[in-house]
Each structure stands twice: as structure tokens, then as C-alpha cells.
Amino acid sequence: TYKVQLEVVDNRTAAENGPSAAAELVNKGVSIVLGSYGSGVSIAASDTFKQAGIPAIGVTCTNPNVTIGNSHYFRICYTDPFQGTVLANYASELGAKKAYCLGENGNEYDQGLITYFKQAFEKAGGTVVTDSFPKDNSDFSSYLNKAKDQGCDVFFAPVSIAYSTQLVSQAASLNIGIPFLGSDTWDDNMVLQAAK
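Overview of the structure. Just so it is clear, the structure is predicted and the values come from calculations on it, not from any experiment. (Residues numbered from 1 in each chain as written. Predicted model: local features only at pLDDT ≥ 70, side-chain atom pairs only at ≥ 80, totals over all residues. Heavy atoms only, no water.)

## Remarks on the packing of aromatic side chains
Tallied over the full model, the rule gives ten aromatic pairs. Ring centres 4.7 Å apart and planes at 75° place the aromatic pair Phe133 and Tyr163 in the edge-to-face group. Of this pair, Phe133 sits in strand S5 (residues 127-133) while Tyr163 sits in helix H6 (residues 161-173), and the two are 30 residues apart along the sequence. This pair shows no difference in class: Phe133 is buried, exactly as Tyr163 is. Site record: aromatic cluster; members linked through ring pairs are Phe133, Phe140, Tyr143 and Tyr163. (Phe/Tyr/Trp six-rings, centres within 6.5 Å; stacked < 30°, edge-to-face > 60°. Helix = DSSP H or I, 4+ residues; strand = E, 2+ residues; numbered from the N terminus. Buried < 20%, exposed > 50% of the residue type's maximum accessible area, 1.4 Å probe, protein only.)

Okay, structure coming up:
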């Protein structure tokens, strides 16, 4: 029988809050850490846990840099190179020859997955058109029309839930008609609601 006490600290899913949130957990005397949501925050907090000798388990940290070279950080999910390759292979299985990839400008998660997708899709003989949108963008019509006008067979957008719902809704209203692929961030009922 074990007595488990849960200590919760909110880093607001922001990398700049990672070290202070980690330090707060260390000061509370935790024996193990579960989290954080998001690779960037986990990477930012990593050294604090390492110095304290506290193991951490990333639940949704898909960036390989969370665990590479770290004997104290573990993960229970897949990595972005695997995820990008699987999605590229799936696009090929759909018969896609040309893919449009869209991510938020400067977002390491989006851009990293696009890189892995692009490498695998091109290796399979496909061509890729990549594009980026500015933070807090809400009008995706130019990107959606560009994908359609350039004859893309599939639209890959490893973006946040908020952006994905906007993309799906706007694609429907513009009658884009291209299959959409998302990453693990699309695993939310809000995306399904937007698709309806």
C-alpha cells in the first residue's frame, strides 16, 4: 500500500514559466514529476529537475530533445520524427503526390513536425509546399486557397486546437475538398465538432 500525495503547479504551458514551476515542485519535495504538457516547457524545466535529482516523465512531450542526453527525463508517448513519418506515409497511402504543410511562424513544434513530414513525404516521391502564418492569425483563406490552387492532394497542419478548428471550418466554407492531416494536437472533440 502506498500513500500518494499530488502536488500541482501550473506553468501555463509557457516555456518561460518552466524553470520557476519546476523549482516550485522541487521546493515542495516531490519524488517524481509527471509532465509537462508541451515539449518546450519540459525542455525549459529539465535542468531544474536534473540538478535536484528528480525523475520526470513526459506524458505528451513529442520533441526528441526532451529525452536526448537526459538520464532523468522519460516519455510515454511517441516522438515527432515518428509521428511526422507516419503521417507522411499515410498521405502517400491516400495517393497524395503533393502536400501542403502549414504551421505557425516560429513555433518549434509545428515547424519540427513539418520538417519530419517533408523528409518522409519527399523520400516517398512526393513534393511539398510549405507555408507559415503569423501568431494569433484567424483568417486562413489565403493559405487554403493556395493549397487548392497549387494542386495539393493533402493539407498537413500540425497546429494547435484553436488554429485547427479555424482551418477545418474555413476549409469547409471555401469548399476546399482536400483531406486534412493533423498531429497529436488535433486529438480533441472540438476538431470533430468543427469538421461537422
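Back to the write-up after that little detour.
## Considering the sheet that holds S5
The parallel open sheet is built from four strands, whose spatial order is S5-S4-S6-S7. Taken across any chain shown, the strands that pair with only one partner, and hence form the sheet edges, are S5 and strand S7 (180-181). When strand S4 (residues 98-104) meets S5, the two strands line up parallel, connected through seven bridges. By the bridge assignment, Lys98 is partnered in S5 with Thr127. (Pairing = 2+ DSSP bridges.)

## Notes on helix H3 (residues 80-93)
Under the 1.5 Å per step criterion, the end-to-end length of H3 is 20 Å for 14 residues, consistent within 8% with the ideal 20 Å. Burial in H3 covers these residues: Asp80, Gln83, Gly84, Leu87, Ala88 and Ala91. Each buried residue of H3 sits inside an arc of 130° when the element is viewed along its axis, so together they form one side. Of the exposed residues in H3, the ones pointing more than 90 degrees away from its buried face are Phe82 and Glu93. Packing partners of the buried residues in H3 comprise helix H4 (108-123), strand S6 (154-156) and S7. Residue Gly95 follows H3 closely and has a positive phi angle near 90°. (Expected span 1.5 Å × (residues − 1). Arc of directions from axis to C-beta. Contact = heavy atoms within 4.5 Å.)

## Observations regarding the environment of Ala194
For Ala194, the position within the fold is in helix H7 (residues 189-195). Residue classification places Ala194 among the buried residues on the basis of a relative accessible area of 18%. Considered as a pair, Ala194 and Ser164 are 30 residues apart in the sequence and their alpha carbons are 8.7 Å apart. When near neighbours in sequence (up to four residues on either side) are disregarded, Ala194 contacts Thr165, Val168 and Ser169.

## Describing the sheet that holds strand S2 (residues 56-58)
Across the sheet, three strands lie side by side as S1-S2-S3; this open sheet has parallel pairing. Edge positions in the sheet fall to strand S1 (33-34) and strand S3 (73-75), since each has one partner strand and no second. Inspection of the sheet shows S2 paired to S3 by three bridges, in the parallel sense. Bridge assignment links Gly58 to a residue of S3, and that residue is Arg75.

## Regarding the side chain of Ser36
Here Ser36 is to be found in the loop between S1 and helix H2 (39-52). In terms of polar contacts, Ser36 uses its side chain to reach the side chain of Asn11, at 2.8 Å. Residues in contact with Ser36, not counting those within four places in the same chain, are Asn11, Val41, Ser42, Thr60, Cys61 and Tyr73. (Polar contact = N/O pair within 3.5 Å; in protein donor to acceptor, adjacent residues only side chain to side chain.)

## Describing H2
When the terminal C-alpha atoms of H2 are compared, their 20 Å separation across 14 residues agrees well with the 20 Å that a helix rising 1.5 Å per residue should span. Inspection of H2 places Ser39, Val41, Ser42, Ala45, Ser46 and Phe49 among the buried residues, and these make up the whole buried set. Packed against the buried residues of H2 are helix H1 (18-27), S1, S2 and S3. The positive-phi residue at the C-terminal boundary of H2 is Gly53, with phi of around 70°.

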